[in-house]
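Here is what each chain is made of, one letter per residue.
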Amino acid sequence: MRYKAPRGTQDILPSKVERWQRLETAARRVMERYGYREIRTPDFEEEDLFLRTVGEETDIVAKEMYSFTDRKGRRLALRPEGTAPVIRSYIENAMWKERRLQKLYYLGPMFRYDRPQKGRYRQFHQIGAEAVGSLSPLVDAEVIAMMVAVLREAGIRRLVLKLNSLGDTTSRASYIKALVKYFRGHEERLCGDCRLRLKKNPMRILDCKVPSCNELAAGIPAMEEYLSQEAREHYDQVQHWLRVLGVSFEKDKNLVRGLDYYTRTAFEVHHGELGATVALGGGGRYDGLVAECGGPDTPGIGFSLGTERVLLAIEQDKALRIKFEEDKYVRKAGYYIAWLGDIALKEAFSLAGFIRKKVRVEMEFEEGSLKSRLRQADRLRLSHAIILGENELKEEKFLVRELSTGNQEKMELSHSEEMRNEMVKKLIPYYDAEKKYDKAMDDLSYRTISGALSEYDGS
């Protein structure tokens, strides 16, 4: 029987992993510049954590969550999102005692039973951050700006940031009455799920993906009209500080996000070429979530980006795509040992262990021809080959061939520190070439960003 990856999952092969690593490195670099520290939580939690926080009426909990019972009869769930586990950890470890404002980020897999499509998987990955401990609108602006900065660092252009306020408890109650009044006048046009939502959680209608419900929702009153004075002032301040930071945005009265714990600020970021219905990520404020999970009354705000979707957006950029393709032809500093014969194998294995203390070395473990070995060295994009055969062993030497030029020279076969240092020196031009390539990628990202600023910021 031949096994396949489960539907809605994917193998991230070595040929693709480098792109993931570049994005993750860019994200870490940006978030650490903002003073955020990494946190890692389990891939599964108690099911009730998500029932209480995400909301039982959301599609995530009602239709998409992977839940199961363990051998002790405990109900557990694979995490469908990253915020609730971070808040659980924040409370369990009393992190507020260490510092009032905790700034945390995470990278990792999430799980939702959803219909697989391009950029959407049942096991998917998120890059996210949470700022827990402050109600200041400056924190809102900084979190949003940091999310945009991560995408810019990755080289993505044509970003569209959407912003809304979901109000406080007072605002929400007034707005829900207005929504119920509006939708009851058009109830026959709602899908079956939204008719139930109208009775239990009317704001969830705004997150429905059914086209007829989307069209109907376009005529709803704006939440901004129902904001309390305090909520309005907060929303105005968030907009003010975003402008101070040079982050452009557009208001979207239909933006609610897919989770019930959001209050006040809500936001999403889209990519021009992926379409308005595909968000790269987003987030919002969740001022009641910590208390809901049994902790002290503590405000918070966060965001998450879908790693697969961000990579999809990167692939839409022709300049970045070309650069990634060029990466196939950039030789990496390192040695491939081509050995011939059993005696040479023993010496090659010993030599590889010695040189690896300083540099990368690859070799095969089965007999093969010199021609096939050198072809393999080319496929691995290595800069040099070490040829070790019968003639070289008789002379107690080995041959070093530079694969890009074909130039070669013989070296003494010894295990001295001097010989190892000499091997490193030969690779310096290729180490420099790798650095230049990385700088070119950074420069490309910068040029991409600079070109996008006029589109994005209106400058």
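Structure's up top.
Here we summarise the structure given alongside this text. (Residues numbered from 1 in each chain as written. Predicted model: local features only at pLDDT ≥ 70, side-chain atom pairs only at ≥ 80, totals over all residues. Heavy atoms only, no water.)

Some words on the nonpolar core
Judged by nonpolar contacts, the single largest core of 79 residues is most densely connected at Met31, Phe183, Phe267, Phe303 and Leu305. It is helix H5 (residues 137–153) that contributes the most residues to this core, eleven residues altogether. (Core = buried A, V, L, I, M, F, W, Y, C linked by side-chain atoms within 4.5 Å. Buried < 20%, exposed > 50% of the residue type's maximum accessible area, 1.4 Å probe, protein only. Helix = DSSP H or I, 4+ residues; strand = E, 2+ residues; numbered from the N terminus.)

Here we look at the packing of aromatic side chains
Summed over all chains, the structure comprises six aromatic pairs. When the ring of Tyr175 is compared with that of Tyr226, the centres are 5.6 Å apart and the planes differ by 55°; the resulting orientation is tilted. Of this pair, Tyr175 sits in helix H6 (residues 169–184) while Tyr226 sits in the loop between helix H8 (211–217) and helix H9 (229–244), and the two are 51 residues apart along the sequence. In this structure Tyr175 comes out as buried when scored by relative accessible area, which is 1%. With a relative accessible area of 29%, Tyr226 lands in the partly exposed category. Where Phe349 meets Phe365, the ring centres are 6.3 Å apart and the plane angle is 75°; that geometry is what we call edge-to-face. (Phe/Tyr/Trp six-rings, centres within 6.5 Å; stacked < 30°, edge-to-face > 60°.)

So, the pattern of salt bridges
As enumerated under the stated definition, the model contains 27 salt bridges in all. Between Glu390 and Lys394 there is a salt bridge; the shortest N-O distance is 3.6 Å. Placement of both Glu390 and Lys394 in helix H15 (residues 390–394) is noted, with a separation of four residues, approximately one turn of the helix. A residue is classified by how much of its surface remains accessible, and Lys394, at 63% relative accessible area, is exposed. Residue Glu412 is joined to Lys397 by a salt bridge in which the shortest nitrogen-to-oxygen separation is 3.9 Å. With Glu412 in strand E16 (residues 408–412) and Lys397 in strand E15 (residues 397–402), this pair connects stretches of sequence that are 15 residues apart. Several salt bridges converge on common partners, so that one network encompasses Asp140, Glu230, Arg264, Arg285 and Asp287. (Salt bridge = Lys/Arg side-chain N within 4 Å of Asp/Glu carboxyl O.)

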